[in-house]
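A look at the structure
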Amino acid sequence: MQKTFKNIFAPLLAITLVTLGNAFFISFSSLRIHDIGFGGWVVGLVQSSYYLGMLIGASKAEGIIKSVGHIRAYLAYAGIGIATIMIQGIMPSPYVWVCIRIIMGFCVAVHYIVVESWFLSEASVKTRGVILAVYMITLYLSQSLSQFFLNFIDLQSAEPFLFSALLASISAIPLALTKAPAPKLHEVTGYSLKKLFKKSCLGFLGCLISGGILSSIYSFGPLFAKAHNLSAGAVMGICILGGVVLQWPVGKLSDIFDRRRVLFCVTLATAVQSILIIVINPESNWLVYAFIFLLGGLVFTMYPLSMAYRPIAAAVGLATEGAAV
C-alpha cells in the first residue's frame, strides 16, 4: 500500500493543484460575466461551452494518451489550458469565451482521465476502494477550498487569471519530475452511450441529470450568493463541503438498503432543500448556509449513487466523478 501511494502521489498532487485553480475560475467567470453587464443566459452559454468541451475531451482523451503517454498528454494540455486562461484575460468578451472555454473543458477532461487511469492502473482489487476514496475526498476538498479564494482575490483585476494560470503551471511539475513509472498503455474496450443506456436506463439518466445539476450549481451558485448579499466563496465552499461530509453516510445507506430507494429519497430531499433555500428569509445567513450545506451533501451524492447502481456499474467497471463535474 505504501508503494502504491508513493506511485500515485505525483498525479494526486497535480490534479489537486489544477482543481484549485479551475474550480475557482469557474465561479469567478460567472461573476465576471455578470459584473460586465451580461444576463444569466450568457453565463449559461459560456459555462455550457466548458462542459461541452469536457464531454468532447472525455471521448478523445484515451486516443491522446495512447499516442503520447500519460505524462506527455498531461503536460501538453496543461500548456494549452494555461494559454486559454491567458487569452480570456486578454480578450474579456463572453462571446470569445464561449469558444475558449470549449478548449479549456477539453484540457481539463484530459487531466482527469490521465490521473484517474493512472490511479486505476496502480490499484489492485484490495486497494482500489481506498485509492479512489482518497482521490474523491482530495478532489472535493480542493474544490471547496478553492471557492474561498473568491473572498481574497481582487475579482476586478487580472489577479484571477494569473492565479489560475499559476496553479495550472505548477500542477505540471509533479508529473514532469516524478520518478514513479508511468502506467503501461493497454487496449480498453468501452461501451457506447446507446449500449450503456440500454444496460441501465436509471443509472445512465441519474448520471446525466446529476451532472446537469452539479454544473448548474458551479455556474449559478456564485450569482445566487451575490443576489442575496452572501459570500460567494462561503456559499460555494460550504456547498461542496457538504458533498464531502455526506459521501460516506449516504454511500453506506445505499449498501444497506435498496439503492434505487436511496437514490429516490436523495432526489426528493434535494428538491425539498432547493425549495427551502428559495423561500427562507435570506437575512438568516446561518439558516441559508445550513440548507446549502445539506443541498451540497445531497446533490454531490446523486452521481456516485447512480454510478453504483448495479447494472451500469457492471457495464462501465469503475468510474469517478471527474468527468461529470
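Computed from a predicted structure; not experimentally measured.

Attention now goes to the packing of aromatic side chains. Here the structure, examined in full by the defined rule, presents 13 aromatic pairs. Judged by centre distance (5.3 Å) and plane angle (85°), the rings of Phe24 and Phe163 are edge-to-face. With Phe24 in helix H1 (residues 2-35) and Phe163 in helix H6 (residues 159-177), the pair connects residues that are 139 residues apart, well separated along the chain. An angle of 65° between the planes, with centres 5.7 Å apart, marks the rings of Phe25 and Phe161 as edge-to-face. Taken together, the positions of Phe25 in helix H1 and Phe161 in helix H6 put the pair 136 residues apart, joining distant regions of the chain. For the pair formed by Phe25 and Phe161, the shared burial category is buried.

Our next topic: unusual backbone geometry. With a phi close to 55°, Asn229 is a non-glycine residue in the positive phi region. Mapped onto the fold, Asn229 is located in the loop between helix H8 (201-227) and helix H9 (232-256).

It is worth spelling out the pattern of salt bridges at this point. For the structure on display, the rule yields two salt bridges. For Lys226, the salt bridge is made with Asp35, and the minimal N-O distance between the two is 1.9 Å. Of this pair, Lys226 sits in helix H8 while Asp35 is found in helix H1, placing the two residues 191 residues apart along the sequence. One salt bridge in this structure joins Glu62 and Lys66, with 3.0 Å as the shortest N-O distance. Taken together, the positions of Glu62 and Lys66, both in helix H2 (residues 40-68) and four residues apart, correspond to about one turn of that helix. We classify Glu62 as partly exposed; its relative accessible area is 34%.

With 21 residues, helix H10 (residues 259-279) extends 30 Å from end C-alpha to end C-alpha; this agrees with the ideal 30 Å at 1.5 Å per step. Of all the positions in H10, only Arg259, Val262, Leu263, Val266, Thr270, Gln273 and Ile277 are classed as buried. End-on, the buried residues of H10 take up no more than an arc of 95°, which puts them together on one face. Summarising the geometry of H10, the exposed residues directed more than 90 degrees from the buried face are Arg261, Phe264, Ile275, Ile278 and Val279.

This part takes up the packing of helix H3 (residues 70-90) against helix H4 (residues 94-122). Where H3 meets H4, the axes come as close as 9 Å, and the angle between the chain directions of the two elements is 155°. Comparing their axes, H4 and H3 come out roughly antiparallel. The interaxial crossing formed by H3 with H4 has left-handed handedness. Here the residues of the contact of H3 with H4 sort into 18 nonpolar, six polar and one charged.

Moving on, we come to the environment of Tyr50. Note that Tyr50 resides in helix H2. Classification of Tyr50 as buried rests on a relative accessible area of 1%. In this structure, the C-alpha to C-alpha distance between Tyr50 and Val108, residues 58 residues apart in sequence, is 9.4 Å.

In this model, H4 (29 residues) spans 41 Å end to end at C-alpha, consistent with the 42 Å of a helix rising 1.5 Å per residue. By the largest-angle criterion, Ile100 marks the main kink of H4, which is about 30°.

Attention now goes to the nonpolar core. Counting 80 residues, the largest nonpolar core has Tyr74, Val110 and Tyr135 as its most contacted members. The dominant element in this core, judged by the number of residues it contributes, is H1, at 14 residues. Setting aside anything within four residues of it in sequence, one finds Tyr74 in contact with Ala14, Ile15, Val18, His111, Val114, Val115, Ser171, Ala172 and Leu175. Ranked by size, the runner-up nonpolar core spans eight residues in total, among them Leu246, Val250, Val266 and Leu305.

Among the secondary structure elements, Ser219 is positioned in helix H8. For Ser219, a relative accessible area of 3% puts it in the buried group. Ignoring sequence-local partners within four residues, the contact set of Ser219 consists of Ser30, Val43, Gln47 and Tyr51.

Rules used throughout
- Residues numbered from 1 in each chain as written.
- Predicted model: local features only at pLDDT ≥ 70, side-chain atom pairs only at ≥ 80, totals over all residues.
- Heavy atoms only, no water.
- Phe/Tyr/Trp six-rings, centres within 6.5 Å; stacked < 30°, edge-to-face > 60°.
- Helix = DSSP H or I, 4+ residues; strand = E, 2+ residues; numbered from the N terminus.
- Buried < 20%, exposed > 50% of the residue type's maximum accessible area, 1.4 Å probe, protein only.
- Salt bridge = Lys/Arg side-chain N within 4 Å of Asp/Glu carboxyl O.
- Expected span 1.5 Å × (residues − 1).
- Arc of directions from axis to C-beta.
- Axes fitted to C-alpha atoms, helices over the stretch in contact; angles between N-to-C directions.
- Parallel < 35°, antiparallel > 145°, perpendicular 65-115°, else oblique.
- Left-handed = near helix turned anticlockwise from the far one by under 90°.
- Nonpolar A, V, L, I, M, F, W, Y, C, P; charged D, E, K, R; others polar.
- Bend = angle between axes of the 7 residues up to and from the residue.
- Core = buried A, V, L, I, M, F, W, Y, C linked by side-chain atoms within 4.5 Å.
- Contact = heavy atoms within 4.5 Å.

The values are spatial; any link to function lies outside them.
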